[in-house]
Amino acid sequence: APACRERGFEVTVAERGPSPLVGALGGALGSLAATLQRAHGVDLRCGVTVTALKGSKGRLTGAEFSDGSRIEADIAVVALGAVRNTEWLADAGLAAGPRGVACDAGCRAFNMYGIVTDDVFVAGDVARFPHPLFEYQILALEHWGNAVAQAEVAAHNMVSPGPRRRPHLTVPAFWSSQFGLNIKSVGVPTFSDQVVIAQGSLRERRLVAVYGYRGRVTAAVSVNRAKWLEHYQGLIETAAPFPPAPGASDPPNGSGVPVPSDVPSPQTLSHGPTVALTGHLPDRRLTLVRHD
Ligand SMILES: Cc1cc2nc3c(=O)[nH]c(=O)nc-3n(C[C@H](O)[C@H](O)[C@H](O)COP(=O)(O)OP(=O)(O)OC[C@H]3O[C@@H](n4cnc5c(N)ncnc54)[C@H](O)[C@@H]3O)c2cc1C
């Protein structure tokens, strides 16, 4: 939407969730994204889905929405998230599914019963791996930097005997640019039950939001304040107490009181966040085969 608005196009966004980015960043920053989009002239429609794209003579003419409304349109951008192309592994006996191939922290793939293999390694978008900082929930990441770091761990472990194997412990990080705002994230914002504006404010559109889960820091998101993220990454890596102690400078301009992080269940969202908590092994229900 920002890219199209900056070029002067009229833009309508249909968002199934309560606000944009809510699946990746939770309710507070999702509502900031909604405010931003509307302030820049985007016709943002939350809580609706596209039910049909209409066309005539081979060209798109419009779209219909689940609330009964319709618009005329020349171009549709379909951004629904991604599934992994693992169909070719269907008969391989691996823990493979649309969300990827599950593996241990050393990139060794699990077979469909959750037994780790010793000769199949996975890395990058296709890998689902447990992360100790996030209670060993199996994460799937869609970041270039993660793919590179995880590939290095996989390569090391392929040629290293057991005790020399390394775990992949990268803290997830990504950034986005929206209407001139620089948004950066470290950790897993969706792995949270509370969030606090630790610096700045939503009103100023300059802030750091820190996320906590059961009393420890699990993520931080900065808006036009990226220089602080390294500090918060350190808090995530050391499972520091949440809410974090006030910093020496740049105090919050709000109450500084934690509120629920308002992260919706992944099942209710139409889009996948760039860091997904994908639950536990395996990816799908199995029929057990017993060997007597
Ligand atoms: C539109 C878009 C924008 C993005 N922007 C960013 C960004 O700004 N920053 C960022 O960090 N990340 C971004 N990403 C994510 C980033 O591109 C991925 O995280 C990264 O490319 C993952 O690398 P990978 O090697 O795991 O997978 P890929 O780059 O997807 O490579 C997988 C390769 O495997 C091949 N393949 C598939 N099946 C088979 C098969 N059976 N046999 C042989 N080959 C096969 C595919 O053709 C492909 O070439 C973006 C992704 C998209 C789609």
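Scroll up to find the structure this text is about.
Residues numbered from 1 in each chain as written. Predicted model: local features only at pLDDT ≥ 70, side-chain atom pairs only at ≥ 80, totals over all residues. Heavy atoms only, no water.

Draft legend 1. Expanded view of the overall build of the protein. Looking only at helices and strands, the protein features 5 helices and 18 strands. The buried share of the protein, taken over its 292 residues, is 42%. For the protein, the proportion of contacts with a sequence separation of at least 24, taken over those separated by at least 6, is 57%. Summed over its atoms, the accessible surface of the protein is roughly 15,800 Å², and 54% of this surface lies on carbon and sulfur atoms. (Helix = DSSP H or I, 4+ residues; strand = E, 2+ residues; numbered from the N terminus. Buried < 20%, exposed > 50% of the residue type's maximum accessible area, 1.4 Å probe, protein only. Contact = heavy atoms within 4.5 Å. Areas by Shrake-Rupley, 256 points an atom, 1.4 Å probe, with all protein chains shown as cover.)

Draft legend 2. Seen up close, the sheet that holds strand β3 (residues 50–56). Taken together, the 3 strands give an open sheet; going across it, the order is β3-β4-β5, and neighbouring strands pair in antiparallel fashion. In the strand order of this sheet, the two ends are held by β3 and β5 (70–72), each with one partner. With direction set aside, neighbouring strand axes in the sheet form an average angle of 25 degrees. The pairing of strand β4 (residues 59–65) with β5 spans 3 bridges and is antiparallel. Within β5, the position partnered with G62 by the bridge is E72. (Pairing = 2+ DSSP bridges. Axes fitted to C-alpha atoms, helices over the stretch in contact; angles between N-to-C directions.)

Draft legend 3. A look at helix α5 (residues 229–237). Taken together, the buried positions of α5 are occupied by L229, Y232, L235 and I236. The buried residues of α5 occupy one face: seen down the axis, they fall within an arc of 110 degrees. Buried residues in α5 make contact with β13 (181–187), β14 (194–201), β15 (206–213) and β16 (216–223). Positioned one or two residues after α5, A239 has a phi angle of 50 degrees, which is positive. (Arc of directions from axis to C-beta.)

Draft legend 4. Unusual backbone geometry, seen in detail. Residue P243 is reached from F242 by a cis peptide bond, and omega for that bond is 0 degrees. Examined against the element boundaries, P243 turns out to sit in the loop between α5 and β17 (259–260). Despite not being glycine, K57 shows a phi value in the positive range, around 50 degrees. With respect to the secondary-structure elements, K57 resides in the loop between β3 and β4.

Draft legend 5. Region of interest: the packing of aromatic side chains. In this structure the tally under the stated criterion is 2 aromatic pairs. Taken together, a centroid distance of 5.7 Å and an interplanar angle of 80 degrees make the contact between F134 and F191 edge-to-face. Taken together, the residues F134 in the loop between β10 (127–130) and β11 (138–141) and F191 in the loop between β13 and β14 connect sequence positions 57 residues apart. Considered together, F134 and F191 belong to a single accessibility category, that of buried residues. Seen from their ring centres, F191 and Y213 are 4.5 Å apart, and the 45 degrees between their planes marks the pair as tilted. (Phe/Tyr/Trp six-rings, centres within 6.5 Å; stacked < 30°, edge-to-face > 60°.)

Draft legend 6. Summary view of the nonpolar core. Judged by nonpolar contacts, the single largest core of 31 residues is most densely connected at F134, V210, A220, Y232 and I236. Elements supplying a minimum of two residues to this core: β10, β11, β14, β15, β16 and α5. With 4 residues, the top contributor of residues to this core is α5. Each of domain 2 (87–170) and domain 3 (173–262) accounts for three or more of the residues forming this core. Those residues in contact with V210, other than ones at most four positions away along the chain, are Q194, V195, V196, A198, V217, A219, A220, Y232, F242 and P244. By size, the runner-up hydrophobic cluster in this structure holds 20 residues, among which are L25, L36, I183 and V223. (Core = buried A, V, L, I, M, F, W, Y, C linked by side-chain atoms within 4.5 Å. Domains from an automatic or database assignment.)

Draft legend 7. A look at the site of the ligand. Residues in close proximity to the ligand include W88, G124, D125, E142, H143, W144 and A147, which together make up its full environment. At 3.2 Å, a backbone N or O of H143 approaches an oxygen atom of the ligand. Here W144 contributes a backbone N or O atom positioned 2.8 Å from an oxygen atom of the ligand. Protein chains shield 27% of the accessible area of the ligand, which is 1,000 Å² for the free molecule. When the residues that make up the shell around the ligand are grouped by side-chain class, the tally is 3 nonpolar, 2 polar and 2 charged. (Near = heavy atom within 4 Å. Polar contact = N/O pair within 3.5 Å; in protein donor to acceptor, adjacent residues only side chain to side chain. Nonpolar A, V, L, I, M, F, W, Y, C, P; charged D, E, K, R; others polar.)

Draft legend 8. Representation of the pairing of strand β12 (residues 173–178) in the model. Note that β12 and β13 share 6 bridges and pair antiparallel. When the sheet's bridge partners are listed, Q178 is paired in β13 with L181. Between β12 and β13, which follow one another and run antiparallel, lie 2 residues, and F179 among them has a positive phi close to 50 degrees.

Draft legend 9. A look at helix α4 (residues 144–158). The end-to-end C-alpha distance of α4, which contains 15 residues, comes to 21 Å, matching closely the 21 Å that a straight helix rising 1.5 Å per residue would cover. Here α4 has its buried residues at N146, Q150, V153, A154 and N157. Down the axis, α4 shows its buried residues gathered within 100 degrees of arc, on one side only. (Expected span 1.5 Å × (residues − 1).)

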